[in-house]
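What follows is each chain in one-letter form.
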Amino acid sequence: SEAYVAYEGDGKSDGKLMVLDTRDKNSAPRITRVLSLPGSSPRRIAVNKAGDRLFVTDSTNGELIVITRSNSTFNRSAKIPLGSKNDNLEGIFIDDVNSRAYVLNATTDSLIVVNTQNPNAPHQSISLRDDKIDASTQIAPKNIAYYRNPATGQEKLYVTGYNASIVSVIDA
């Protein structure tokens, strides 16, 4: 099996995506490939269940990069604009069942919903600010988790931020 690590770069060099071989449980993972992502700052990675598509947030360009994989070949297949240049795209969750990617934009305090089957379709943006709490506090959402209640089938997304001590709960 494999794991993926994003390297944003140092501002002077291109971002990279490292592919690690994790099959040998008795030794440390080893880097098997390094994919260069010119002009990008990859931050977070999510992989679909089939393992043939990687979704990478790009915090330099406000884009979601889609990388397709066939055997050992990786190709950047799409760059989906989700915000302005330098929008800080953070956490990501892939919902394979409903063909959606949920991406957090820490700059705009929003959750962006992307149709993964038709990425050119309009995206839905959900504000995570709550004027009842404090409209001036930037939440800066960073992490996202998914839970499906096995008894009811109800699906929820849980979002945390690093500027506000709150958890946003969203019906998925």
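See the structure printed just above.
Criteria and cut-off values
Residues numbered from 1 in each chain as written. Predicted model: local features only at pLDDT ≥ 70, side-chain atom pairs only at ≥ 80, totals over all residues. Heavy atoms only, no water. Pairing = 2+ DSSP bridges. Helix = DSSP H or I, 4+ residues; strand = E, 2+ residues; numbered from the N terminus. Buried < 20%, exposed > 50% of the residue type's maximum accessible area, 1.4 Å probe, protein only. Polar contact = N/O pair within 3.5 Å; in protein donor to acceptor, adjacent residues only side chain to side chain. Contact = heavy atoms within 4.5 Å. Axes fitted to C-alpha atoms, helices over the stretch in contact; angles between N-to-C directions. Core = buried A, V, L, I, M, F, W, Y, C linked by side-chain atoms within 4.5 Å.

Draft legend 1. Representation of the pairing of strand β12 (residues 141–148) within the structure. Two elements, β12 and strand β13 (residues 155–161), share 7 bridges in a ladder whose sense is antiparallel. Among the inter-strand pairings, Pro141 is bridged to a residue of β13, identified as Gly161.

Draft legend 2. Structural context of the side chain of Glu90. Tracing the chain through its elements places Glu90 in strand β8 (residues 89–95). Overall, the relative accessible area of 3% leaves Glu90 in the buried class. Engagement of the side chain of Glu90 in a polar contact is seen with the side chain of Arg43, the distance being 2.9 Å. Within the structure, Glu90 has its side chain in polar contact with the side chain of Arg44 (distance 3.0 Å). Dropping the residues within four chain positions of it, Glu90 is found in contact with Arg43, Arg44, Thr57, Leu104, Ala106, Pro141, Lys142 and Tyr162.

Draft legend 3. View of the sheet that holds strand β3 (residues 30–37). Pairing within the open sheet is antiparallel, and its 3 strands lie in the order β1-β2-β3. Both edges of this open sheet fall to β1 (2–7) and β3, since each of them pairs with a single strand only. Strand-to-strand twist in this sheet, taken as the mean axis angle between neighbours without regard to direction, amounts to 20°. Summarising the sheet, β1 and strand β2 (residues 15–21) pair through 6 bridges and their orientation is antiparallel. Bridging across to β2, Val5 finds its partner in Met18.

Draft legend 4. Main features of the nonpolar core. Counting residues in each nonpolar core, the largest one holds 13 residues, and the members touching the most others are Leu64, Leu82 and Ile92. Counting residues per element, the ones that place at least two in this core are β6 (63–70), β8, β9 (100–105) and β10 (110–115). Sorting elements by how many residues they give to this core places β8 first, with 3 residues. With residues up to four places along the chain from it excluded, the contact list for Ile92 reads Arg44, Ile45, Ala46, Phe55, Thr57, Leu64, Tyr102, Val103 and Ile144.

Scope: geometric values only; no functional claims are made or implied.
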